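# Structural features, examined
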Amino acid sequence: MDFSFTAVLGKILGESGYAGLFGNGAEGLKCLVMILIAFVLLYLGIAKKFEPLLLVTIAFGMLLANLPFSNMVSNVENDGLLHWLYTGVKLDIYPPLIFMGVGAMTDFGPLIARPSSLILGAAAQFGIFTAFLGSLLLFGFPVNVAAAIGIIGGADGPTAIMVTSKLAPEYLSAIAIAAYSYMALIPMIQPPIMKLFTRKQDRQIKMTQLREVSNTEKIIFPIAVATVVILLLPDTAPLIGMLMLGNLFHVCGVTARLDETAQNALMNIVTIFLGLSVGATAAADTFLTWQTIQIIFMGLVAFMLSTFGGVIFGDLMCWATKGKINPLIGSAGVSAVPMAARVAQIEGQKENPSNFLLMHAMGPNVAGVIGSAAAAGFFLKLVPMLMG
Amino acid sequence: MNIGVGEALLISLCGFVTVFLLLLFLIVVIKIISTVVMAIEGKGKTAPAPAAEAPAPAPVKEEEKPSKPWDGKLQLIDVDEETAACIMAIISDETDIPLDELQFRRIQAL
């Protein structure tokens, strides 16, 4: 056998990712751009703490998938690790499991104490349907893609991922990245809209303390909501079902171990799998397009309009209750638990330092989760019908 | 598949209304649950035990009654000075009223 050091070195370099990046023309250049985008997202996640749990994982998945010849997604002989992890997205396994963790971490007490919060949770889905309309009419997206873009306005990552993976999987990475990036930017996106559409004296309203909710009510709530909502919109079953199951673990008092697992271990494991596999779908061919920019733009519009819808209904409820409801809590109707509720608290306290809106805003906030899941169920039912 | 303006508007409106109706329905469900649970639990709480007699209300101590006009001095009843200082500081902080603008007449342990 002939052995030549230079030949071996040449072979290693020729088959290396560097050759794929710099010796592969336009394809290599596209991969290079995707790698740079992954670096930027990693920076935003780590240095700026933009939804770091998901953005760091998505960005690293994107990096791995775009390193030439890494075979993380697929190669000639077999499919790579990230391909197999992606089956959890394709088969709708990860988003519902994340919802189970969210349910286990959520206290629905404020919503049970003031059920009218659900109106604000519904109003804040305004952005979903207007962004859907805008995507159809302004940019000419097909109805399935428009529905997936619209759902960004729900400010709920798992819901956006689930709807997109079913209706428009080719845009999954763009929509997931837009959804999580805007969720991280809520403290910047929402306050100007909240101030623009509310009066100063209304923003200063101090709300009365919520009544104490009994444990029996808390236990019946997830069982009743799962039954009522799923019977009406069966397509919401994976999301609402798991959300309410997680909550039942949390409140029933006899499943502490399951509650702990759903909140921590399971949630963390699924977050890693979900983030990596979503990031891995960010292939240059589908990501580096004008459609991605349009999606990111419409995602922002959806977020803003959802906040607008919530705040306007907050104003209406303030008027209807003769000043008992602070309209700022309407903005928390976009899901993004608990970030949106925190923004309402911060803005309320800026206007009146003795104001504590957090618990009042948690009602619309968790109502928003149910609202966006309902909107998702609507699209999942309607779009296949429209597309024949 | 692309659809027309009218149809797109109708779908959006229909979706928004569906979400609203669903959540309005949930309001009704939650109200019913709360009413029933509170009625049952309230009954359980208010039903007196047949053998047990309700305790007689504690007699109001003489010193609790404002017998004379306030003399400007803080009255501490079963509370040491350190605890009273903590309570005043917390109230001042929570209400954002400076201590020199707050008037405490009496602090009593219950």
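Everything in this summary refers to the structure shown in the same document. (Residues numbered from 1 in each chain as written. Chains lettered and ligands numbered in written order. Predicted model: local features only at pLDDT ≥ 70, side-chain atom pairs only at ≥ 80, totals over all residues. Heavy atoms only, no water.)

Residues and elements named next belong to chain A. Packing of helix 6 (residues 94–105) against helix 18 (residues 265–280) leaves a shortest axis separation of 9 Å and a crossing angle of 145°. Crossing angle aside, the handedness with which helix 6 passes helix 18 is left-handed. Between helix 6, through Tyr94, Pro95, Leu97, Ile98, Met100, Gly101, Val102 and Met105, and helix 18, the contact on the second element is made entirely by Leu266, Met267, Val270, Thr271, Phe273, Leu274 and Ser277. Looking at the contact of helix 6 with helix 18, its residues break down into 12 nonpolar, 3 polar and no charged. (Axes fitted to C-alpha atoms, helices over the stretch in contact; angles between N-to-C directions. Helix = DSSP H or I, 4+ residues; strand = E, 2+ residues; numbered from the N terminus. Left-handed = near helix turned anticlockwise from the far one by under 90°. Contact = heavy atoms within 4.5 Å. Nonpolar A, V, L, I, M, F, W, Y, C, P; charged D, E, K, R; others polar.)

Below, the discussion takes up the interface of chain A and chain B. Each partner contributes to the interface: chain A provides 44 residues, whereas chain B provides 31 residues. Together, the buried faces of chain A and chain B total about 3,100 Å²; carbon and sulfur atoms form 83% of this surface. On the chain A side of the interface with chain B, the three residues burying the most area are Leu118, Phe129 and Phe378 of chain A, jointly 16% of the side's total. Here chain A is connected to chain B by 0 salt bridges. Linking chain A with chain B are 5 residue pairs in polar contact (both at pLDDT 80 or more), by the criterion used here. Listing elements by their share of the side of chain A that touches chain B, those giving two or more residues are helix 8 (117–123), helix 9 (126–137), helix 15 (215–232) and helix 22 (358–386) of chain A. At 9 residues, helix 15 of chain A tops the list of elements feeding residues into the side of chain A that touches chain B. Among the residues making up the side of chain A that touches chain B, the classes are represented as 34 nonpolar, 8 polar and 2 charged. (Buried area = accessible area lost by both parts, 1.4 Å probe. Salt bridge = Lys/Arg side-chain N within 4 Å of Asp/Glu carboxyl O. Polar contact = N/O pair within 3.5 Å; in protein donor to acceptor, adjacent residues only side chain to side chain.)

All right, on to the pattern of salt bridges then. All names here are of chain A. Scanning all chains against the criterion turns up 10 salt bridges over all chains. For Lys166, the salt bridge identified is with Asp92, shortest N-O distance 3.2 Å. Here Lys166 is found in helix 11 (residues 157–167), whereas its partner Asp92 is found in the loop between helix 5 (81–90) and helix 6, with 74 residues between them in sequence. Classification of Lys166 as partly exposed rests on a relative accessible area of 43%. One network of salt bridges, in which partners are shared, links Lys195, Glu347 and Lys350. (Buried < 20%, exposed > 50% of the residue type's maximum accessible area, 1.4 Å probe, protein only.)

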